[in-house]
Amino acid sequence: MEYYNKEMECMSLSDKKELQSKRLIDTVQKVYDNVKTYREKMDKIGLKPSDIKGIDDIHKLPFTTKQDLRDNYPFGMFAADKRDIIRVHASSGTTGKLTVVGYTQYDIDMWAECCARALVSAGATHDSVVHIAYGYGLFTGGLGMHYGAERLGAIAVPVSSGNTARQLQLMKDFEADVLCCTPSYAIYIAEEMKKYGIKPEDMSLKYGIFGAEPWSKEMRDEIEDKLKLKAFDIYGLSEITGPGVAIECKYQCGSHIQDDFFYPEIVDEHTLEPLGYGKRGELVFTTLTKEGIPLIRYRTRDITALNNSPCKCGRTGIRIDRIAGRSDDMLIIRGVNVFPSQIESVLLKEKEIAPHYHITLDRVNNLDTMRIDIELAEGVAFDEVKKVESLTKRIANEINSAIGLNAEIRLVSSGSIERSMGKAKRVTDNRKF
Ligand code: DLL
């Protein structure tokens, strides 16, 4: 099975542009008529729905931010009548209120289609057993992939996160070929397998669909090696729909956005000026068909670049590069902008350390300090003082040449860094601003 919906996934660019234009015009009218915030934003800049004649006019429209959703908590940005909303999800940020999103029956169907496309893109078929270890609940990971698997006609196994021993048992007994969870949980699952003496060959896993948090290429290699499966990057956010907004194909040269449903732009995160293909900046989405909570030019805070070169898989969905991090997760250490994923890339190149680390930032005498606790790989002994010393030094040098900053490297014993079953928390920032 190459595609779930070839007609839409491989649509010619000219047909797609026509479709996106028509859908944008309808969406703008819908939000102007039904959402006070949008009517006010547009009136303020003297923009009428009729000024939007196609997708090329998108730049005229105002942006939407997470703050808009918070200000309208819980249902103030919904464009559909409350009676037509059949589900809500929500995500929490680092601060403030939850961001609540509502779905009509159409929205749930469209989202299931996105996740079915994503599953097939990663190799799943009608015959697959899909083990879903993303959390079920207000978080969109579990239910999103669940509906996608059912839509595909595969078997959805709704395990949710937690109780890893039972997960292993079920994966083995049900002969799951597809595993869906966060990359950090995938690593944890691999460790637990080892602990229980289960070899990857005892399982039937072939494909992993991992996302919901940034992860490096090196982390992918590590997971593929440990679980003996092919790992795919899936991207999404609850404000836009949930998982399935974009997914890699088998060529793994970026993730194809389902851009018949979600129109992407990259803007400079400071000036908000649109940037061209290949330029790194903030990813912005406009939903093209959503009914419950359509969003116009929503600023995701995720940092990436768009790639419009043709892909060998035949899909025409424009691609995003691996997410470097969120602009609000970006650490500014002594004035240098650093994403934790840059540090991860350096660390995972070392064979003697495990893919578990934690970054702690402090301020001592008005100077930022960074400490990185890193686990030694299993079987690497602490007693060889010289070896540990030279490893510590080497990592510190490599970090310095990658990001230009000095870090205190602390090697800790295997198993001492807290494991995550959902999104991993990799940074503690004790600095007072
Ligand atoms: O994390 C939806 C999701 C679930 C995606 C399962 C993939 C798999 P939120 O909780 O709203 O939704 O968080 C969205 O997570 O803006 C990114 O910062 C980050 N994120 C999601 N996928 C990736 C990825 C879900 N593949 C936020 N790589 C987004 C990097 C990701 N970051």
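Up top is the structure these notes are about.
Residues numbered from 1 in each chain as written. Predicted model: local features only at pLDDT ≥ 70, side-chain atom pairs only at ≥ 80, totals over all residues. Heavy atoms only, no water.

K.L.:
Help me understand the overall build of the chain, please; the structure alone is not making it clear to me.
P.N.:
Summing up its helical and strand segments, the chain has 11 helices and 21 strands in all. With respect to the three principal axes, the spread of C-alpha positions in the chain is 70 × 55 × 40 Å. Taken across its 433 residues, the chain has 56% of its residues classed as buried. When the accessible surface of the chain is totalled, it reaches about 19,300 Å², and 49% of it is carbon and sulfur. (Helix = DSSP H or I, 4+ residues; strand = E, 2+ residues; numbered from the N terminus. Buried < 20%, exposed > 50% of the residue type's maximum accessible area, 1.4 Å probe, protein only. Areas by Shrake-Rupley, 256 points an atom, 1.4 Å probe, with all protein chains shown as cover.)

K.L.:
I tried to follow the packing of helix α10 (residues 340–347) against helix α11 (residues 385–403) on my own but got confused; where do I start?
P.N.:
The relative placement of two packed helices is expressed as an angle between their axes plus a distance between the axes. Look at α10 against α11: their axes get within 10 Å of each other, and the N-to-C directions meet at 135 degrees. With respect to α11, the element α10 is oriented oblique. When the axes of α10 and α11 are compared, the crossing they make is right-handed. Where α10 approaches α11, its residues Q342, I343, V346 and L347 are matched on the opposing element by I395, E398, I399, A402 and I403. When grouped by side-chain class, the residues that make up the contact of α10 with α11 number 7 nonpolar, 1 polar and 1 charged. (Axes fitted to C-alpha atoms, helices over the stretch in contact; angles between N-to-C directions. Parallel < 35°, antiparallel > 145°, perpendicular 65-115°, else oblique. Left-handed = near helix turned anticlockwise from the far one by under 90°. Contact = heavy atoms within 4.5 Å. Nonpolar A, V, L, I, M, F, W, Y, C, P; charged D, E, K, R; others polar.)

K.L.:
I keep staring at the packing of aromatic side chains and nothing clicks. Help me out?
P.N.:
Enumeration over the complete set of coordinates arrives at 8 aromatic pairs. Their ring planes at 25 degrees and their centres at 4.9 Å tell us that F75 and F78 sit as a pair that is stacked. Accessibility expressed as a relative area gives 8% for F78, which makes it buried. The ring of Y147 carries the charged tip of R87 above its face, separated from the ring centre by 4.7 Å. (Phe/Tyr/Trp six-rings, centres within 6.5 Å; stacked < 30°, edge-to-face > 60°. Lys NZ or Arg CZ within 6 Å of the ring centre and 35° of its normal.)

K.L.:
Whenever I open this one, the site of the ligand confuses me. Can you help?
P.N.:
Surrounding the ligand, one finds 21 residues, the nearest of these being D233, I234, S238, D302 and K423. With respect to the ligand, the backbone of P214 contributes an N or O atom lying 3.5 Å from a nitrogen atom. D233 is positioned such that a nitrogen or oxygen atom in its side chain is 2.8 Å from a nitrogen atom of the ligand. Alone, the ligand offers 610 Å² of accessible surface; in the complex the protein occludes 94% of this. For the shell around the ligand, the secondary structure elements donating two or more residues are α6 (140–152) and β7 (230–237). Sorting elements by how many residues they give to the shell around the ligand places β7 first, with 5 residues. (Near = heavy atom within 4 Å. Polar contact = N/O pair within 3.5 Å; in protein donor to acceptor, adjacent residues only side chain to side chain.)

K.L.:
Help me understand a nonpolar patch on the surface, please; the structure alone is not making it clear to me.
P.N.:
Judged by side-chain polarity, Y73, L98 and L138 come together as a nonpolar surface patch covering roughly 260 Å² of accessible area. Following the sequence through the fold, L138 ends up in the loop between β3 (129–132) and α6. (Patch = residues over 30% accessible without salt bridge, like charges linked within 9 Å, V, L, I, M, F, W, Y side chains within 5 Å. Salt bridge = Lys/Arg side-chain N within 4 Å of Asp/Glu carboxyl O.)

K.L.:
Quick question: what am I supposed to make of the pattern of salt bridges here?
P.N.:
Opposite charge on two side chains permits pairing when their charged atoms draw close. Per the counting criterion, the structure on display carries 32 salt bridges. A salt bridge links R426 to E344; its shortest N-O distance comes to 3.9 Å. Taken as a pair, R426 in the loop between β20 (408–412) and β21 (427–429) and E344 in helix α10 lie far apart in primary sequence, 82 residues in all. For the pair shown, R426 and E344 are each scored as buried. Three or more residues are tied together by salt bridges with common partners; here these are R363, D368, D429 and R431.

K.L.:
Honestly, the side chain of S184 in this entry has me stumped. Any pointers?
P.N.:
Within the secondary structure, S184 is located in helix α8 (residues 183–195). For S184, the contacting residues outside a window of four places in its chain are E213, S420, G422, A424 and R426.

K.L.:
Help me understand the sheet that holds strand β18 (residues 353–364) in this model?
P.N.:
Note: strands within a sheet are paired through backbone hydrogen bonds, in either parallel or antiparallel orientation. Spatially, 4 strands are ordered β20-β19-β18-β21 in an open sheet, and the strand pairing comes out mixed. Only two strands of the sheet have a single neighbouring strand rather than two, namely β20 and β21. Sheet twist, expressed as the average angle between the axes of neighbouring strands with direction ignored, equals 15 degrees. Here 3 bridges tie β18 to β21, and the two strands are oriented parallel to one another. By the bridge assignment for β21, I359 is matched with V427. Contacting β18, β19 (367–376) and β20, α11 crosses the sheet at an angle of about 135 degrees to β20. (Pairing = 2+ DSSP bridges.)

K.L.:
Can you help me understand the packing of α8 against helix α9 (residues 217–227) in this one?
P.N.:
Direction vectors running N to C along α8 and α9 enclose 30 degrees, while the axes themselves pass 10 Å from each other. What the angle tells us is that α8 and α9 run roughly parallel. Here α8 and α9 pass one another in a crossing that is left-handed. On the side of α8, the interface is formed by P183, A186, I187, I189, A190 and M193, while α9 contributes M219, E222, I223, K226 and L227.

K.L.:
Even after reading the chapter, I still don't get the layout of surface pockets, so can you show me in this structure?
P.N.:
Empty space left among the atoms is revealed by rolling a probe the size of a water molecule over them. The volume enclosed by the second largest pocket comes to roughly 600 Å³. Forming the boundary of the second largest pocket are 29 residues, of which D259, Y263, Y277, N308 and I318 lie nearest the centre. Counting only elements with at least two residues in the lining of the second largest pocket, the list comes to α2 (13–34), β10 (262–267) and β13 (306–307). Looking at the lining of the second largest pocket residue by residue, the classes come out as 13 nonpolar, 9 polar and 7 charged. (1 Å grid on protein atoms, 1.4 Å probe; cavity = no way out; pocket = protein on both sides within 12 Å on 5 of 7 lines; lining within 4 Å. Points joined across faces, edges and corners; volume = space filled by probe spheres on them.)

K.L.:
So what exactly am I meant to see when it comes to empty space enclosed by the protein here?
P.N.:
Inspection of every chain in the model, using the stated rule, returns 2 cavities of 30 Å³ or more. The space that makes up the largest cavity amounts to roughly 100 Å³. Around the largest cavity, the lining comprises 13 residues; the ones closest to its centre are E9, H256, I257, Q258 and R315. Looking at the lining of the largest cavity, the elements with two or more residues in it are α1 (6–9), α5 (105–121) and β9 (255–257). The class makeup of the residues in the lining of the largest cavity is 3 nonpolar, 4 polar and 6 charged. Reported here for the second largest cavity is a volume of approximately 30 Å³. Around the second largest cavity, the lining residues are L69, N72, Y73, P74, G76, M77, L98, V100 and I293. Broken down by class, the residue content of the lining of the second largest cavity amounts to 7 nonpolar, 2 polar and no charged.

By themselves, these figures tell us nothing about what the structure is for.
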